[in-house]
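Take a look at the letters that make up each chain.
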Amino acid sequence: MDTSRFHAIRTRAVKLAVAAVVIVMLGIVALAPNGQQERAAASPSDLVSFRPDGTILMARPGVTAPVLEVYEDYQCPYCRDFERLNGGVVREWAVQGKVAVIIHPFTVFGENTRVTRDNSRRALMASLCVTDPRKWLDFHDALYSHQPEETLAGGFAVEELVGYAKGIGIAESEFTTCLNSQETADRADALSKLAFARGVQGTPTIRLDGRDLDWSTSWATPVQQV
């Protein structure tokens, strides 16, 4: 997918009615039973688990609804914007037991943007090589904090990805072997096919129980008003 299409997708998302988004966000808060809201806080990393299809679940035990899905591409600058704007709110809701979060990392860029696609795919493969769920969010955040320019050839270089992994305590040899394996490449491609099969055409795509949400406005304010 080229950059112009990203801009078009983002423009359509921004045009969603802000009032409707606020109502949906308030609905999420209202759905949480009082007992869940009062439970002692946990770290978001303690709630992470890996699903068989390669997606990531962040939820308290027993919390299965509502489901907030995040479709993201580590090379997508708008995904980075979403993380900076609302990523913390999403994690707070998961810790409070208000939502079950499912994260779908994938490569949205097509062959017509080969350099950008290659950068994205390397980062995606690297995220699949984090085998300790308690370290997954740290690596996820490192990818966004070091996101290269979309058109930078060799962005998310292997040695850089290995360095991010070492920085959070992941064994270098195992991570490097995983990153260079065909099995990991196949898993990454399967994740991308899964996202497209579910009708995702741009990133970030954020869905609450299957309904697309406007990610470009802050979700913190409605929560604070409750």
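These notes cover the structure that comes with them. The shown structure was predicted, so the numbers you read here are calculated from the model rather than taken from an experiment. (Residues numbered from 1 in each chain as written. Predicted model: local features only at pLDDT ≥ 70, side-chain atom pairs only at ≥ 80, totals over all residues. Heavy atoms only, no water.)

1. Structural notes on the pairing of strand E3 (residues 67–72)
Of all 6 residues that make up E3, 5 are buried, and the element is covered over most of its length. Where E3 meets strand E4 (residues 100–105), 6 bridges bridge the pair, whose relative direction is parallel. Paired with Val 67 across the strands is Ala 100, a residue of E4. Since E3 and E4 lie parallel, the crossover through helix H4 (residues 77–95) that links them has a hand, and here it is right-handed. (Buried < 20%, exposed > 50% of the residue type's maximum accessible area, 1.4 Å probe, protein only. Helix = DSSP H or I, 4+ residues; strand = E, 2+ residues; numbered from the N terminus. Pairing = 2+ DSSP bridges. Right-handed = clockwise from strand over helix to strand, strands pointing away.)

2. Brief notes about the packing of aromatic side chains
Inspection of every chain in the model, using the stated rule, returns 7 aromatic pairs. Both rings, one in Phe 82 and one in Trp 219, keep their centres 5.7 Å apart while their planes meet at 70 degrees; by these two values the pair is edge-to-face. Taken as a pair, Phe 82 in helix H4 and Trp 219 in the loop between strand E6 (211–212) and helix H10 (220–225) lie far apart in primary sequence, 137 residues in all. The class for Phe 82 is buried, based on a relative accessible area of 2%. Since its relative accessible area comes to 1%, Trp 219 is described here as buried. Among the aromatic side chains, those forming a connected cluster through ring pairs are Tyr 71, Phe 106 and Phe 196. (Phe/Tyr/Trp six-rings, centres within 6.5 Å; stacked < 30°, edge-to-face > 60°.)

3. Re the environment of Arg 117
Locating Arg 117 in the fold gives a position in helix H5 (residues 114–128). In this structure the C-alpha to C-alpha distance between Arg 117 and Thr 151, which are 34 residues apart in sequence, comes to 9.4 Å. Those residues within four positions of Arg 117 in sequence are excluded, and the remaining contacts are Thr 107, Phe 109, Gly 110 and Glu 111. (Contact = heavy atoms within 4.5 Å.)

4. Regarding the side chain of Asn 86
Following the sequence through the fold, Asn 86 ends up in helix H4. At 3.0 Å, the side chain of Asn 86 forms a polar contact with the backbone oxygen of Thr 217. Residue contacts for Asn 86: discarding those within four places in its chain leaves Trp 215, Thr 217, Ser 218, Trp 219 and Ala 220. (Polar contact = N/O pair within 3.5 Å; in protein donor to acceptor, adjacent residues only side chain to side chain.)

5. Observations regarding unusual backbone geometry
Cis peptide bonds are those with omega within 30 degrees of zero, and the linkage from Ala 65 to Pro 66 qualifies with -10 degrees. You can see Pro 66 is positioned in the loop between strand E2 (56–58) and E3. Despite not being glycine, Phe 156 has its phi angle at roughly 55 degrees, a positive value. Overall, Phe 156 belongs to the buried group, its relative accessible area being 1%. Even without being glycine, Asp 209 reaches a positive phi, approximately 50 degrees. Here Asp 209 lies in the loop between strand E5 (205–208) and E6.

6. What to know about the pattern of salt bridges
Side chains that differ in charge, positive against negative, can pair when their charged atoms come close. Counted according to the given criterion, the structure contains 10 salt bridges. Asp 189 is the salt-bridge partner of Arg 121, the closest N and O atoms lying 2.9 Å from each other. One end of the pair, Arg 121, is in helix H5; the other, Asp 189, is in helix H9 (residues 182–197), with 68 residues separating them in the sequence. Across the pair Asp 132 and Arg 134 runs a salt bridge whose closest N-O atoms are separated by 3.2 Å. Via salt bridges that share partners, Glu 111, Arg 114, Arg 117 and Asp 118 belong to a single interconnected network. (Salt bridge = Lys/Arg side-chain N within 4 Å of Asp/Glu carboxyl O.)

7. Section: the packing of H5 against helix H6 (residues 133–145)
At their nearest, the axes of H5 and H6 sit 10 Å apart, and the two run at 165 degrees to each other. Put simply, H5 runs roughly antiparallel to H6. You can see that H5 and H6 cross each other, and the crossing is right-handed. Packed against H5, whose contacting residues are Ala 123, Ala 126 and Ser 127, the element H6 presents Trp 136, Phe 139 and Leu 143 at the interface. Residues of the contact of H5 with H6, tallied by class, amount to 5 nonpolar, 1 polar and no charged. (Axes fitted to C-alpha atoms, helices over the stretch in contact; angles between N-to-C directions. Parallel < 35°, antiparallel > 145°, perpendicular 65-115°, else oblique. Left-handed = near helix turned anticlockwise from the far one by under 90°. Nonpolar A, V, L, I, M, F, W, Y, C, P; charged D, E, K, R; others polar.)

8. Brief notes about empty space enclosed by the protein
One pass over the full model with this rule turns up 1 cavity of 30 Å³ or more. In terms of lining residues, the largest cavity is bounded by Met 58, Val 70, Glu 72, Phe 82, Glu 83, Gly 87, Val 90, Arg 91, Val 101, Ile 103, Leu 137 and His 140. Secondary-structure elements contributing two or more residues to the lining of the largest cavity are E3, H4, E4 and H6. Per element, the largest residue contribution to the lining of the largest cavity is 5 residues, and it comes from H4. (1 Å grid on protein atoms, 1.4 Å probe; cavity = no way out; pocket = protein on both sides within 12 Å on 5 of 7 lines; lining within 4 Å. Points joined across faces, edges and corners; volume = space filled by probe spheres on them.)

So, to be careful, I would describe these as geometric facts and stop short of saying anything about function.
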